[in-house]
Amino acid sequence: MAETGDNEFTQWHTVAKGETLGKIAGRYYGDPSLYKKIFEANRELIKDPNLIQIGWKLRIP
Amino acid sequence: MTKTWKMMAAAVPFVFAVACTDAAKAPAEAAMTAAGAAVDSLKGDATRFAPSAVKAVEASYATAKDLIAKQDYKGALAIAGDIPAKAKEALAQAAAAKDALVKAWADAGGSIPKMLEAAKSRLDILAQAKKLPAGMDKAALAKAQGGLASLQSGWTAASEQYKAGDWSGAIAKAKDLKAQGMDLLKSIGLQ
């Protein structure tokens, strides 16, 4: 899972049932519209920002 | 005849003492040469990383030189003979101390750039947020941004201090910065 750039300060989030990138962005950034930051940081995993799967471990920049 | 014997008897201790002194002179001088070379080998890292051990060796060498000057060759030999081994111990002590400092710098300072990068990334994103996450307001964000700037300049100073040779000072500063950095990360929800 770890890629170049990941380190002890990289924050991770495991996708739970019912979550969207917007909800996750809201939780960490306070603003759901910033979901693209998470999308861009996980491009190797997320092909479509509207389609994320339960259990995926996402990098939260 | 009796007078001659008396004179000879009186001279015996003197001759014996001279003979003993001379016997110890050459080994003492050889030992001093070796001791001098051992003391010279302590210049550089040893003086920097094991100053007490180096001072002890230098003090022994100075004492041995004094004894040579007083023609106490046996005494000088006894002290000078131990100096190469003591110098070797000082060199080993310095090497260990140097390794420990290099490791301490790597432990304390190695992760700081990554920590600052993570904090900057998050703060840059939070600066774009129309609404901040629970537990954070604009004042807290501004404080965190100021904290990051302070840590960045502190890290630059610590790195320069290390490059300038003040390893202990730089390590102490890096440890302090790391602790402050961890607090910053917590304040922005990164830890």
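Residues numbered from 1 in each chain as written. Chains lettered and ligands numbered in written order. Predicted model: local features only at pLDDT ≥ 70, side-chain atom pairs only at ≥ 80, totals over all residues. Heavy atoms only, no water.

What about the nonpolar core?
The condition is simple: For this analysis, a nonpolar core means a set of buried residues of the types Ala, Val, Leu, Ile, Met, Phe, Trp, Tyr and Cys, connected via side-chain atoms within 4.5 Å. Think of it in three bands: with a 1.4 Å probe and only protein chains considered, a residue is buried below 20% of the maximum accessible area for its type, exposed above 50%, and partly exposed in between. The numbering of helices and of strands both runs from the N terminus, where a helix is a DSSP run of H or I of at least 4 residues and a strand a run of E of at least 2. The start and end points of each domain follow an automatic or database-based domain assignment. Contact between two residues is taken to exist if any of their heavy atoms lie within 4.5 Å; hydrogens are not considered.
Ile-24, Tyr-29, Ile-38 and Leu-58 of chain A together with Trp-105, Trp-155 and Ile-188 of chain B are the most contacted members of the largest nonpolar core, which totals 64 residues. By residue number, the principal contributor to this core is helix H6 (residues 112-128) of chain B, which donates eight residues. Mapped onto the domain boundaries, this core takes at least three residues apiece from domain 1 (2-98) and domain 2 (110-187) of chain B. The residues contacting Leu-58 of chain A, other than those within four sequence positions of it, are Gln-11, Trp-12, His-13, Val-15, Leu-21, Ile-24, Ile-38, Asn-42, Leu-45 and Ile-46 of chain A.

Digging into the interface of chain A and chain B
Here is the rule: Joining two parts hides part of their accessible area as seen by a 1.4 Å probe, and the buried area is that hidden amount summed over both. Salt-bridge detection follows one rule: a side-chain nitrogen of Lys or Arg within 4 Å of a carboxyl oxygen of Asp or Glu. In the analysis that follows, any N or O atom pair within 3.5 Å is treated as a polar contact, provided that within protein one partner can donate a hydrogen and the other can accept it, and provided that, for residues neighboring in sequence, both atoms belong to side chains.
Contacts between the two partners involve 14 residues from chain A and, on the opposite side, 19 residues from chain B. Both sides of the chain A and chain B interface together cover about 1400 Å² of buried area, and 57% of this is carbon and sulfur. Sorting the residues of chain A by area buried against chain B places Phe-9, Gln-11 and Tyr-29 of chain A first, and these three jointly supply 42% of that buried surface. Here chain A and chain B share zero salt bridges between them. Along the contact surface separating chain A from chain B lie six residue pairs in polar contact (both at pLDDT 80 or more).

Considerations on the packing of aromatic side chains
Applied cut-off: Each pair of aromatic rings taken from Phe, Tyr and Trp, with Trp reduced to its six-membered ring, is defined by centres within 6.5 Å and is described as stacked if the planes are under 30 degrees apart, edge-to-face if over 60, and tilted in the remaining cases. For a lysine, the NZ atom is tested; for an arginine, the CZ atom; a charge sits over a ring if that atom is within 6 Å of the ring centre and within 35 degrees of the ring normal.
Scanning all chains against the criterion turns up four aromatic pairs over all chains. Residues Phe-49 of chain B and Trp-167 of chain B carry aromatic rings whose centres are separated by 5.3 Å and whose planes lie at 45° to one another, so their mutual orientation is tilted. Here Phe-49 of chain B is found in helix H2 (residues 45-49), whereas its partner Trp-167 of chain B is found in helix H8 (residues 167-187), with 118 residues between them in sequence. According to the relative accessible area criterion, Trp-167 of chain B is buried, its value standing at 13%. Consider the rings of Trp-105 of chain B and Tyr-162 of chain B, whose centres lie 4.2 Å apart with planes at 5°: the pair is stacked. On the criterion of sequence distance, the pair formed by Trp-105 of chain B in helix H5 (residues 83-109) and Tyr-162 of chain B in helix H7 (residues 138-163) is long-range, its members being 57 residues apart. According to the relative accessible area criterion, Tyr-162 of chain B is buried, its value standing at 17%. Connected via pairs of aromatic rings, a cluster forms that spans Phe-49, Trp-105, Trp-155, Tyr-162 and Trp-167 of chain B. One cation-aromatic arrangement involves Lys-57 of chain A over Trp-12 of chain A; the distance from NZ or CZ to the ring centre is 5.2 Å.

Digging into the pairing of strand S1 (residues 11-14) of chain A
Residues and elements named next belong to chain A. Inclusion rule: What makes two strands pair is DSSP finding at least two bridges between them.
Only one face of S1 is covered, namely the face carrying Gln-11 and His-13; the face carrying Trp-12 and Thr-14 is uncovered. Sheet topology note: the S1/strand S2 (residues 57-60) ladder contains four bridges and is antiparallel. Directly across from Gln-11, in S2, lies its bridge partner Ile-60.

What to know about H8 of chain B
All names here are of chain B. The condition is simple: A helix is expected to reach a length of 1.5 Å times the quantity of its residues less one. Note that the arc is computed from the directions linking the helix axis to the C-beta atoms.
Spanning 21 residues, H8 covers 30 Å between terminal C-alpha atoms, matching the ideal 30 Å at 1.5 Å per step. Looking only at H8, the buried set comprises Trp-167, Ala-170, Ile-171, Ala-174, Leu-177, Gly-181, Leu-184 and Leu-185. Along the axis of H8, the buried residues cluster in a sector spanning 135°; they form a single face. Those residues of H8 that are exposed and angled more than 90 degrees off the buried face are Lys-175, Asp-183 and Lys-186. Buried residues along H8 sit against H2, H5, H6 and H7. Gly-189 sits one or two residues past H8 and shows a positive phi near 80°.

Looking at the pattern of salt bridges
Residues and elements named next belong to chain A. Within this structure, the stated rule accounts for seven salt bridges over all chains. The closest approach of N and O atoms between Arg-43 and Glu-40, which form a salt bridge, is 3.6 Å. Here Arg-59 makes a salt bridge to Glu-44, at a shortest N to O gap of 3.7 Å. Highlighted residues: Arg-59 in strand S2 and Glu-44 in the loop between helix H2 (35-41) and S2, separated in sequence by 15 residues.

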